[in-house]
Amino acid sequence: MKKQITTILLIVLLLGASGCAKAQMGTDELNETIPMSITAPSQEATADLFAMDTWLNLSAYGPQAEAALAAAQDRIMELESLWSVTNADSEIYAVNHSDGAPTLLSGDTAEVLAFALEMAERTGGAMDPTLYPVLTAWGFTTGQYQIPSQKEIDFLLSSTGYEKIKLDGQTVTVPDGMELDLGAVGKGYAADETAAVLRKYGITSALLNFGGNVLTVGAKPDGSPWRIGIRNPFTDEDTLGVMELVDQSIVVSGGYERYFIGEDGVQYWHILDPDTGAPARNGLAQAAIISSDSKVCDALSTAVYVMGLEDAIEYWRSEQGFDMILVTDDQQIYITEGVAEAFTLRDGQANWEVYVIAAEA
Ligand code: ADP
Ligand code: MG
């Protein structure tokens with residue numbers, strides 16, 4: 001909010017200064033400026049919390065912002081407690097220790113699981129919520145990183161495959177030895193739920209950042225679009241470009257988010273190719289998905305990263321309903337036509353080649 005106040009002050013000062021230079025400029029204009037600035041929606045509330053294995057920053061604007069964020073945080077913690085893979089009280093933990101017995105789920109968990117299974121199906125299994133045993137073999141679930149043997153991976157892959165999960169209403173049956181992991185969709189789903197809570201409190205402007213999964217509610221309080229920086233996947237702190245968003249979400253997946261360097265000097269990361277059980281290496285350094293639905297963005301950022309450039313373009317052309325910004329390992333940017341206007345390269349990044357993907361091949 002500081003910025004807005006400064007801007008308003010600046011306007012007043014400038015008007016004041018010109019008033020001095022031109023004596024005929026009445027004070028009426030000043031009187032109009034000040035009450036307008038006071039009626040602007042200027043109540044901001046922010047919250048930072050650690051949940052879903054990442055830091056979340058929430059900012060909401062409006063008279064009810066404080067109360068809205070308090071309710072939103074309760075909702076996030078509720079979902080976290082249902083979906084944690086490590087918390088022995090969670091529903092996902094119960095499912096993963098059910099030894100093949102049917103388990104009754106809450107409405108929330110049944111819904112997010114149904115969504116995950118649907119997206120797994122629609123992405124031809126590029127996004128698959130059953131990779132947990134393989135992720136564990138690599139140490140991504142514990143931090144004890146290691147390169148598993150091909151034999152171990154092959155064995156574990158036989159205990160994966162979303163099509164083996166039976167969800168019947170709110171009852172799930174996961175074959176013995178298989179485990180669920182909502183890591184690729186949970187944050188997106190939770191962001192959508194958070195936005196819904198805020199809207200119930202009449203919030204029309206908010207910025208939700210779930211560890212790099214961003215969801216915007218409305219525009220900025222001043223009516224201009226939110227400007228979201230997209231990182232350069234090849235450097236740590238560099239911003240590649242800026243995406244302008246109103247009432248939309250952007251979710252980015254990349255191999256730099258969680259990784260280790262193996263004894264062989266190779267970098268291994270937390271997004272696995274369900275076909276090989278190894279980190280996905282299909283030519284993309286980063287995949288960003290933009291749509292109004294954060295869970296769709298989340299599922300697809302993982303899926304598209306796994307698919308690689310050509311399959312991703314084909315998928316986008318056949319499915320539609322979302323946009324994407326893909327950065328290839330050889331440092332090219334591919335952007336779907338729907339967001340070509342809203343994306344701008346940052347100063348100093350003009351050397352990147354940007355290709356716009358058209359809906360018609
Ligand atoms: P992040 O959670 O780092 O933002 P993603 O949304 O891409 O990134 O989700 C990655 C998480 O999803 C991993 O930490 C793991 O739990 C799980 N995962 C890894 N590979 C896949 C995959 N191919 N399909 C579904 N989930 C995956
Ligand atoms: Mg994801």
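What comes next is a walk through the structure. (Residues numbered from 1 in each chain as written. Chains lettered and ligands numbered in written order. Predicted model: local features only at pLDDT ≥ 70, side-chain atom pairs only at ≥ 80, totals over all residues. Heavy atoms only, no water.)

Describing the environment of Asp181
Then comes step 1: Considering the arrangement of structural elements, one finds Asp181 in the loop between strand E5 (171-173) and helix H8 (186-200).
Then comes step 2: In the structure, Asp181 is positioned 97 residues away from Ser84 in sequence and 8.6 Å away in space, judged by C-alpha atoms.
Then comes step 3: A distance of 2.8 Å separates a polar side-chain atom of Asp181 from the backbone nitrogen of Gly183. (Helix = DSSP H or I, 4+ residues; strand = E, 2+ residues; numbered from the N terminus. Polar contact = N/O pair within 3.5 Å; in protein donor to acceptor, adjacent residues only side chain to side chain.)

Brief notes about the sheet that holds strand E6 (residues 205-210)
Then comes step 1: Ordered in space as E1-E2-E6-E7-E10-E15-E16-E17-E19, the 9 strands form an open sheet in which the pairing is mixed. Every interior strand has two partners, whereas the edge strands, strand E1 (44-51) and strand E19 (353-357), have only one. Ignoring which end each strand starts from, the neighbouring axes of this sheet average 10° apart.
Then comes step 2: Bridge count between E1 and strand E2 (residues 54-61): 8 bridges; the pairing is antiparallel. Bridged to Leu49 within E2 is Leu56. (Pairing = 2+ DSSP bridges. Axes fitted to C-alpha atoms, helices over the stretch in contact; angles between N-to-C directions.)

A few points about the sheet that holds strand E4 (residues 166-168)
Hydrogen bonding along the main chain pairs the strands of a sheet, whether they run parallel or antiparallel.
Then comes step 1: Pairing within the open sheet is antiparallel, and its 3 strands lie in the order E3-E5-E4. Each having just a single partner strand, strand E3 (103-104) and E4 make up the two edges of the open sheet.
Then comes step 2: With 3 bridges connecting them, E4 and E5 associate as antiparallel partners. Pairing of Leu167 across the sheet is with Val172, part of E5.

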